[in-house]
Amino acid sequence: MKDKVQQAVGGAREKLGDVTGNDRLKASGRSQRRTAQVREVAHDLRDKARGVIRDVQTRRRPGRPADPM
């Protein structure tokens, strides 16, 4: 959620900089928006990796046969 807010704020700053002709504001907004996008993707990948690890650990428990998939 935090990353989505940062993307929105960065996008707004970028548009405001574009409208006002302020290149520095436009660039900082673009940077903020893209940084938030990268963080969101990284969080998503981390969550997916944790899910995969959890699934593998569940399948490998002693005394339980592995699923043949």
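A brief structural summary. (Residues numbered from 1 in each chain as written. Predicted model: local features only at pLDDT ≥ 70, side-chain atom pairs only at ≥ 80, totals over all residues. Heavy atoms only, no water.)

### Remarks on the overall build of the protein chain
Next up, step 1: Looking only at helices and strands, the protein chain has two helices and zero strands in total.
Next up, step 2: In the protein chain, the proportion of contacts linking residues at least 24 apart, taken out of those at least 6 apart, comes to 32%.
Next up, step 3: In the structure as shown, the protein chain presents an accessible area of about 5800 Å², 55% of it carried by carbon and sulfur atoms. (Helix = DSSP H or I, 4+ residues; strand = E, 2+ residues; numbered from the N terminus. Contact = heavy atoms within 4.5 Å. Areas by Shrake-Rupley, 256 points an atom, 1.4 Å probe, with all protein chains shown as cover.)

### Description of the environment of glutamine 37
Next up, step 1: Following the sequence through the fold, glutamine 37 ends up in helix 2 (residues 23-59).
Next up, step 2: When its relative accessible area of 33% is taken as the criterion, glutamine 37 is described as partly exposed.
Next up, step 3: Here the alpha-carbon distance between glutamine 37 and glutamine 7, two residues 30 residues apart in the chain, equals 6.7 Å. (Buried < 20%, exposed > 50% of the residue type's maximum accessible area, 1.4 Å probe, protein only.)

### Looking at helix 1 (residues 2-20)
Next up, step 1: With 19 residues, helix 1 extends 27 Å between its outermost C-alpha atoms, agreeing within 8% with the 27 Å of an ideal straight helix rising 1.5 Å per residue.
Next up, step 2: Considered for burial, the residues of helix 1 that qualify are Asp3, Gln7, Gly10, Gly11, Glu14 and Gly17. Seen end-on, helix 1 carries its buried residues on one side only, within an arc spanning 125°. Of the residues in helix 1, the exposed ones pointing more than 90 degrees away from the buried face are Lys2, Ala8, Lys15, Val19 and Thr20.
Next up, step 3: Looking at the buried positions of helix 1, the neighbouring elements they touch are helix 2.
Next up, step 4: Directly beyond the C-terminal end of helix 1, a positive phi value near 80° is found at glycine 21. (Expected span 1.5 Å × (residues − 1). Arc of directions from axis to C-beta.)

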